[in-house]
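# Fold and contact review
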Amino acid sequence: MFTGATRNSLVVLPLAPALPDALAIAAAVVVTQTLVGVVGVVIYVRVLPPRLLPLR
């Protein structure tokens, strides 16, 4: 569930500073996507009741 929400944004994040200045908007989009994904995971952890998550 969490992997689907973050969509591998943390994998792409280190590439954002390497983009040329002409693609600065793309770097901003990658950073924004990462922040939204992290906030989403925090919300999932707070909202989902423990009984819905399988224990291992």
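Parameters at a glance
Residues numbered from 1 in each chain as written. Predicted model: local features only at pLDDT ≥ 70, side-chain atom pairs only at ≥ 80, totals over all residues. Heavy atoms only, no water. Helix = DSSP H or I, 4+ residues; strand = E, 2+ residues; numbered from the N terminus. Buried < 20%, exposed > 50% of the residue type's maximum accessible area, 1.4 Å probe, protein only. pLDDT = per-residue confidence, 0-100. Patch = residues over 30% accessible without salt bridge, like charges linked within 9 Å, V, L, I, M, F, W, Y side chains within 5 Å. Areas by Shrake-Rupley, 256 points an atom, 1.4 Å probe, with all protein chains shown as cover. Salt bridge = Lys/Arg side-chain N within 4 Å of Asp/Glu carboxyl O. UniProt positions renumbered as here; feature names shortened; annotations may be inferred.

The name an unreviewed UniProt entry gives the chain is Arsenic resistance protein, with Microtetraspora fusca as the organism.

### Focus on the overall build of the chain
Each helix and strand counted, the chain has three helices and zero strands in total. Taken from N to C terminus, the helices and strands of the chain fall in the order α-α-α. Of all 56 residues assigned to the chain, the portion counted as buried reaches 11%.

### So, the confidence of the model for the chain
Overall, the predicted model of the chain reaches an average pLDDT of 77, with 73% of residues at or above 70. Mean pLDDT in the chain bottoms out at helix H1 (residues 2–6), which sits at 57, and peaks at helix H3 (residues 24–47), which reaches 84.

### Examining a nonpolar patch on the surface
Where nonpolar side chains cluster on the molecular surface, the patch consists of Leu10, Val38 and Val42 and spans about 260 Å² of accessible area. On the secondary structure map, Val38 appears in helix H3.

### Re the UniProt feature "transmembrane region" (unreviewed entry) in the chain
Within this numbering scheme, the UniProt entry marks residues 22–47 as carrying the feature "transmembrane region" (unreviewed entry). A distance of 40 Å separates the end C-alpha atoms of residues 22–47, which is 92% helix and 0% strand.

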